[in-house]
Amino acid sequence: MWFDQEAVRMRAGRKPDRGNPSGGVLDWSPGAVDRLDLPPLNVQPRVQDESTDTGRNAVITGWRVQSDEGVDLDVRARDRIEWGGELFEVEGEIARWPDPIEGGVHHTEFNIKRVTG
């Protein structure tokens, strides 16, 4: 596999709301987002679907992201990924595959999706 794709992990900050003044609401404003350049990744197409609701044609494009052997990624299910000039949502949980011989993480995999329309 080729691990030559560059991406940035974006994690929302927190801002207070009426029910949780210590910060219970995700804050995606530019000053609140934590950005992290990820190590080189392998990104492959996974799914493409088109929804034709009344008045809207949505296209959902999904990709599978994988780290190189021995690389764990600081990515969580609520993060967003900036890749190829586009913004994607992490879809589902992050899979950290164990190394059966050395222990620790063998590699990390997760799905991302982009919805347009």
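Located above this text is the structure these notes cover.
Residues numbered from 1 in each chain as written. Predicted model: local features only at pLDDT ≥ 70, side-chain atom pairs only at ≥ 80, totals over all residues. Heavy atoms only, no water.

Caption draft 1: Fine view of the overall build of the protein chain. Scanning the protein chain from terminus to terminus reveals zero helices and nine strands. Starting at the N terminus and ending at the C terminus, the protein chain contains elements arranged as β-β-β-β-β-β-β-β-β. For the protein chain, buried positions account for 31% of its 117 residues. With an accessible surface of roughly 7700 Å², the protein chain has 47% of that area assigned to carbon and sulfur atoms. (Helix = DSSP H or I, 4+ residues; strand = E, 2+ residues; numbered from the N terminus. Buried < 20%, exposed > 50% of the residue type's maximum accessible area, 1.4 Å probe, protein only. Areas by Shrake-Rupley, 256 points an atom, 1.4 Å probe, with all protein chains shown as cover.)

Caption draft 2: How the structure looks around the side chain of N111. Note on placement: N111 falls in strand β9 (residues 105–116). The exposure class assigned to N111 is buried, which follows from its relative accessible area of 15%. Within the local environment of N111, its side chain forms a polar contact with the side chain of R46, the two groups lying 3.3 Å apart. Setting aside residues up to four positions removed in sequence, N111 forms contacts with R46, W63, R64, E89, V90 and E91. (Polar contact = N/O pair within 3.5 Å; in protein donor to acceptor, adjacent residues only side chain to side chain. Contact = heavy atoms within 4.5 Å.)

Caption draft 3: A look at the pairing of strand β8 (residues 86–98). Both strand β7 (residues 80–83) and β8 contribute to a ladder of four bridges, which runs antiparallel. Across the sheet, the residue bridging to W83 is E86, located in β8. Taking the residues that link successive antiparallel strands as the turn, the β7-β8 hairpin has two residues, and the phi of G84 there is positive, at about 60°. (Pairing = 2+ DSSP bridges.)

Caption draft 4: Quick peek at the nonpolar core. Counting 15 residues, the largest nonpolar core has V75, I81, W83, F110 and I112 as its most contacted members. Only β5 (41–53), β6 (56–67), β7, β8 and β9 provide two or more residues apiece to this core. Residue contacts for V75: discarding those within four places in its chain leaves R9, R11, L38, I81, V90, I94, R96 and F110. (Core = buried A, V, L, I, M, F, W, Y, C linked by side-chain atoms within 4.5 Å.)

Caption draft 5: Up close: the packing of aromatic side chains. Inspection of every chain in the model, using the stated rule, returns two aromatic pairs. Their ring planes at 70° and their centres at 4.9 Å tell us that W63 and W83 sit as a pair that is edge-to-face. Of the two residues, W63 sits in strand β6 while W83 sits in strand β7, which places them 20 residues apart along the sequence. Like W83, W63 is buried. A centroid spacing of 5.7 Å and a plane angle of 50° characterise the contact between W83 and F88, whose relative ring orientation is tilted. (Phe/Tyr/Trp six-rings, centres within 6.5 Å; stacked < 30°, edge-to-face > 60°.)

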